[in-house]
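# Remarks on the overall topology
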Amino acid sequence: MPRKRARRDRHSRKKVAFFHYSYYDVAFQFFVEHVLDADYVRLPRPTRRTLEIGSEHSTDYVCAPFKHILGGYVEALEAGANVLVQFTGFCRLTYYGELQEMTLRDMGYDDFEMLNFSAVAGRPFKDYVSFCKKVVNPNLSVPKGVANMVALLRMVELLDAYNDAYLANAGFEVEAGSFERAREAFFDDMRCATGLTDVNQAYRRGMEALRALPTNKPAHPVRVGLTGEFYTAVDPVSNLELEKKLLAMHVELHRAVNLTNRILHYSEENTRRSIADYVSYEMGPTSSLTIASAKRYMEEGFDGVVHSKSSGCTPEIDCMPVLQRLSRDYHVPTLFLSFDSQTSDTGLDTRLEAFYDMISMRKGKTL
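Below you will find a few notes about this structure. Remember, predicted model here, so these are calculated numbers, not experimental data.

## Points about the overall build of the protein
Along the protein, the regular secondary structure elements total 14 helices and eight strands. Since a compact globule built from 367 residues should have a radius of gyration of about 21 Å, the 22 Å found for the protein is in line with a globular shape. Each principal axis of the C-alpha distribution contributes one length, and for the protein these read about 95 × 45 × 40 Å. Within the protein, the proportion of its 367 residues that are buried is 52%. Only carbon and sulfur atoms are counted for the fraction: they give 53% of the accessible area of the protein, which is about 18,000 Å². Between the averaged position of the 45 positive side-chain charges in the protein and that of its 48 negative side-chain charges there is a distance of 5 Å.

## What to know about the sheet that holds strand 4 (residues 113-116)
Spatially, the four strands line up as an open sheet ordered 2-1-3-4, and their pairing is parallel. Two strands bound the open sheet, and with one partner strand each, they are strand 2 (39-40) and strand 4. Relative to strand 3 (residues 83-86), strand 1 (residues 15-17) runs parallel, the two being bridged by two bridges. Residue V16 lies in a different strand from strand 3, and its bridge partner there is V83. Running over the sheet, helix 3 (residues 64-78) touches strand 1, strand 3 and strand 4 and is turned about 160° from strand 3.

## Let's talk about the side chain of E268
Inspection of the secondary structure puts E268 in helix 11 (residues 268-274). At a separation of 2.4 Å, a polar atom in the side chain of E268 contacts the side chain of Y266. Setting aside anything within four residues of it in sequence, one finds E268 in contact with E282 and S288.

## Some points on helix 7 (residues 178-191)
For helix 7, built from 14 residues, the straight-helix expectation of 20 Å at 1.5 Å per residue is met to within 8% by its first-to-last C-alpha distance of 20 Å. Listed as buried for helix 7 are S178, F179, A182, R183, F186, F187, M190 and R191. The inward-facing, buried residues of helix 7 abut helix 1 (25-35), helix 6 (142-169) and helix 8 (196-211).

## Quick notes on the side chain of K67
Mapped onto the elements of the fold, K67 is located in helix 3. Salt bridges are absent for the buried K67, whose nearest opposite-charge side chain, D60, sits at 5.3 Å. For K67, the contacting residues outside a window of four places in its chain are T50, L51, G54, S55, S58, T59, D60, V62 and S341.

## Notes on the pattern of salt bridges
Throughout the structure, instances matching the rule amount to 27 salt bridges. Note that R45 and E241 form a salt bridge whose closest N and O atoms lie 2.4 Å from each other. With R45 in the loop between strand 2 and helix 2 (48-56) and E241 in the loop between strand 5 (223-228) and helix 9 (242-247), this pair connects stretches of sequence that are 196 residues apart. Its salt-bridge partner being D189, residue R205 comes within 2.9 Å of it at the nearest N-O pair. You can see R205 sitting in helix 8 and its partner D189 sitting in helix 7, a full 16 residues away along the chain. Judged by its relative accessible area of 23%, D189 falls in the partly exposed class.

## Here's the deal with a nonpolar patch on the surface
Judged by side-chain polarity, Y95, L99 and M102 come together as a nonpolar surface patch covering roughly 330 Å² of accessible area. Among the secondary structure elements, M102 is positioned in helix 4 (residues 93-106).

## Here we look at the packing of helix 1 against helix 7
Following both chains from N to C, one finds helix 1 and helix 7 inclined at 10°, their axes separated by 9 Å at the closest point. Regarding the angle of helix 1 to helix 7, the classification is roughly parallel. Contact with helix 1, carried on its side by D25, V26 and Q29, involves F187, M190 and R191 of helix 7 and no other residues of that element. Taken together, the residues of the contact of helix 1 with helix 7 break down into three nonpolar, one polar and two charged.

## Remarks on the environment of C63
As for its placement among the helices and strands, C63 is situated in the loop between helix 2 and helix 3. C63 sits in the buried class, given a relative accessible area of 9%. Expressed as a C-alpha distance, the spacing of C63 and L93, which sit 30 residues apart in the sequence, is 10.0 Å. Excluding its chain neighbours within four sequence positions, the residues that come into contact with C63 are R92, Y96, S310 and S311.

## Remarks on the pairing of strand 8 (residues 334-339)
With five of its six residues buried, strand 8 lies for the most part within the structure. Taken together, the six bridges between strand 7 (residues 304-310) and strand 8 define a ladder with parallel strand orientation. Paired with H307 across the two strands is F336, which belongs to strand 8. Assessed by its sense of winding, the connection that carries the chain from strand 7 through helix 13 (residues 314-330) to strand 8 is right-handed.

Cut-offs used in this document
- Residues numbered from 1 in each chain as written.
- Predicted model: local features only at pLDDT ≥ 70, side-chain atom pairs only at ≥ 80, totals over all residues.
- Heavy atoms only, no water.
- Helix = DSSP H or I, 4+ residues; strand = E, 2+ residues; numbered from the N terminus.
- Rg over C-alpha atoms; globule rule 2.2 N^0.38 Å.
- Buried < 20%, exposed > 50% of the residue type's maximum accessible area, 1.4 Å probe, protein only.
- Areas by Shrake-Rupley, 256 points an atom, 1.4 Å probe, with all protein chains shown as cover.
- Lys, Arg positive; Asp, Glu negative; His and termini not counted.
- Charge placed at Lys NZ, Arg CZ, Asp CG, Glu CD.
- Pairing = 2+ DSSP bridges.
- Contact = heavy atoms within 4.5 Å.
- Axes fitted to C-alpha atoms, helices over the stretch in contact; angles between N-to-C directions.
- Polar contact = N/O pair within 3.5 Å; in protein donor to acceptor, adjacent residues only side chain to side chain.
- Expected span 1.5 Å × (residues − 1).
- Salt bridge = Lys/Arg side-chain N within 4 Å of Asp/Glu carboxyl O.
- Patch = residues over 30% accessible without salt bridge, like charges linked within 9 Å, V, L, I, M, F, W, Y side chains within 5 Å.
- Parallel < 35°, antiparallel > 145°, perpendicular 65-115°, else oblique.
- Nonpolar A, V, L, I, M, F, W, Y, C, P; charged D, E, K, R; others polar.
- Right-handed = clockwise from strand over helix to strand, strands pointing away.

Coordinates in, geometry out; function isn't part of it.
Here's what the structure looks like:
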């Protein structure tokens, strides 16, 4: 009697990893588990080693985000990932997926595939589905995937909305660390979501917990607006915990650049219209949003603006003369920060402290 064949799994589940990018790993996990129906490889917090790996295998002239992402990919492969995800972009990011794949293979990593969305950028939706099926899951359920994509987009909106509330109030917490603990609990709750209802409920619980925390916020706090390049301005590892450092100085922070404002609800036409007195053409990926958000901060009476970018980021370098003109016109100081693999905490701390002293003294004279 022939032996009965063991029943095979529906498909060989792929282990999928994204690069590090702020708190969006929560959304990346949902995408992998509930849209692609694969296993998510959650990376450990980046260390100095992460950047050192990326820097060692990158040319000196490539921007810091490339090095951060490459180092994260190496650690993902070491953690067992066999699919790496890279987005298309508005600048050289479009080419990074292909370059990083070539670099990884030159380093000896062969047992992986790249889900590089630059390969299907601008094509019909069905091509994205076919690409995901080919690389990750041939048995992908399109109806289920579409329904969960709706939940995913809502999740991104709510992650950003929560972070906006966090930045505006965390600097005035009564109990040290209470806001950070609440935010981590919110992220953990959101990671358990399996659909749209769970996403909405996790956000409601998270906001209720955040509002319940005691604060000691003055009537006229020092307000700082953050703007800049899409990766460095958002990712805390890339900007050396810029937001945390400013919150420790007891300021109210606002950061317009995020996935919601630049991707989900962005209109280049409307944004350009709001800065028509300063800009007559599009300069690159986040340039219009950088200038428009800085202008809005200044119009609303913010005490200072911080512009952060990776060293050598041409589009954001082009923004700097416009931001300087805005600063003169509205009499609002702007601090320009550039980050690369050699940027030190000490130098950043010194500049931030001097900037804070200046804007707080200016504010004291006007109240």
